[in-house]
Amino acid sequence: MRKKIVAGNWKMNLDYEEGLSLFSEVVNIVNDEITGQQLVIVCSPFIHLYSLARLAKSSTKVSIGAQNAHQAESGAYTGEISAKMIKSTGAEYVILGHSERRQYFSETNELLAKKVDTVLKHALKPIFCIGETLEEREGGIHFDVIKKQITEGVFHLDAEHFAQLVIAYEPVWAIGTGVTASSAQAQEIHLFIRSEIAAKYGKDVADSTTILYGGSCNPKNARELFGQPDIDGGLIGGASLKSRDFVDIAKEFN
Ligand code: PEP
């Protein structure tokens, strides 16, 4: 059975105290109410990672992730954060390839392939995001876009390293817009992604890869989305900033 995951992406929100307070609430509710095997991950700004990783020790059901990492090991990259630094905080996951990074920071598939390698080298698990824009969907090229993102971003890995990944399908038109992909639209793409993984790495690897849906997921639509056979959880932006909503989404796997 592949792992079910609900991961929160706080983006550039919450100062240090606000982040600790929200996270403490999340851990308490998770410990009280999550009864299944699902994993809850919180991907915070870098400033919170070390403290959250310590607080997360009180729960076997919560892990911590970062939202980006630099591709280089170390050096003269003022303002950047390396994978080794992230690892040293106790974080376990790193979001890579989020559409906001692709859009605002010009991150290409080629650059992301390097980031994936560096992050894996430091025994962190990438949550690798892919997804088409509205124009690409309306132009009927969404399958091509997704295939290119996954092929160029992660298919250079051997099967052992690929098995460390979580994939997140996030249609750009659904992120932060309140417009969710229908469960049928999401399932269609998740099945496509899984079949591409099977063609590259074989059925066993494909069947054990966790593929998350992201894009305006909330406590009202999570059940229907997570009920699809190839949707293994969610990457949650806005709703992860409210402890009750975030854990309610995760509770869909109880
Ligand atoms: C995201 O940014 O990864 C995301 C899914 O955001 P939201 O849930 O706010 O659409």
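Before reading on, note that the structure itself is shown above.
A brief report on the enclosed structure follows. (Residues numbered from 1 in each chain as written. Predicted model: local features only at pLDDT ≥ 70, side-chain atom pairs only at ≥ 80, totals over all residues. Heavy atoms only, no water.)

Considering the packing of aromatic side chains
Aromatic ring pairs are defined here through the distance separating the ring centres and the angle between the ring planes. Applying the stated criterion to the full structure yields 6 aromatic pairs. Judged by centre distance (4.9 Å) and plane angle (75°), the rings of Phe143 and Phe192 are edge-to-face. In this pair, Phe143 sits in helix 7 (residues 142-154) while Phe192 sits in helix 9 (residues 183-201), placing the two residues 49 residues apart along the sequence. Taking the relative accessible area as the measure of exposure, Phe143 reaches 26% and is therefore partly exposed. By relative accessible area, which is 16% here, Phe192 ends up buried. Ring geometry for Phe155 against Tyr201: centres 5.6 Å apart, planes inclined by 85°, an arrangement best described as edge-to-face. Of this pair, Phe155 sits in the loop between helix 7 and helix 8 (159-162) while Tyr201 sits in helix 9; the two residues are 46 residues apart in sequence, bridging distant segments of the chain. On the accessibility criterion, Phe155 (9% relative accessible area) is buried. By relative accessible area, Tyr201 is classed as buried at 14%. Across from the ring centre of Tyr201, 5.9 Å away, lies the NZ or CZ of Lys200, which sits over that ring. (Phe/Tyr/Trp six-rings, centres within 6.5 Å; stacked < 30°, edge-to-face > 60°. Helix = DSSP H or I, 4+ residues; strand = E, 2+ residues; numbered from the N terminus. Buried < 20%, exposed > 50% of the residue type's maximum accessible area, 1.4 Å probe, protein only. Lys NZ or Arg CZ within 6 Å of the ring centre and 35° of its normal.)

Describing the site of the ligand
By nearness alone, 14 residues border the ligand, and Lys11, His98, Glu170, Gly176 and Ser216 come closest of all. Contacts to the ligand include Glu170, whose side-chain N or O atom sits 2.7 Å from an oxygen atom. For the ligand, an oxygen atom lies 2.7 Å from a polar atom in the backbone of Gly176. Look at the ligand: alone it shows 290 Å² of surface, and the protein chains cover 95% of it. (Near = heavy atom within 4 Å. Polar contact = N/O pair within 3.5 Å; in protein donor to acceptor, adjacent residues only side chain to side chain. Areas by Shrake-Rupley, 256 points an atom, 1.4 Å probe, with all protein chains shown as cover.)

Description of the side chain of Asn109
Locating Asn109 in the fold gives a position in helix 5 (residues 109-121). Reaching out from Asn109, the side chain makes a polar contact with the side chain of Glu152 at a distance of 3.2 Å. Excluding its chain neighbours within four sequence positions, the residues that come into contact with Asn109 are Arg102, Lys148, Gln149, Glu152 and Gly153. (Contact = heavy atoms within 4.5 Å.)

Section: the packing of helix 7 against helix 9
Here helix 7 crosses helix 9 at 40°, and the two axes come no closer than 11 Å. By the angle between their directions, the pair helix 7 and helix 9 is classed as oblique. For helix 7 against helix 9, the interelement crossing comes out right-handed. Contact residues: His142, Phe143, Ile146, Lys147, Ile150 and Val154 in helix 7; Glu188, Ile189, Phe192, Ile193, Glu196, Ile197 and Tyr201 in helix 9. (Axes fitted to C-alpha atoms, helices over the stretch in contact; angles between N-to-C directions. Parallel < 35°, antiparallel > 145°, perpendicular 65-115°, else oblique. Left-handed = near helix turned anticlockwise from the far one by under 90°.)

What to know about the side chain of Ser51
Secondary-structure assignment places Ser51 in helix 2 (residues 46-55). Apart from the residues within four sequence positions on either side, Ser51 is in contact with Tyr16 and Leu20.

Remember that the coordinates give geometry; whether it matters functionally is a separate question.
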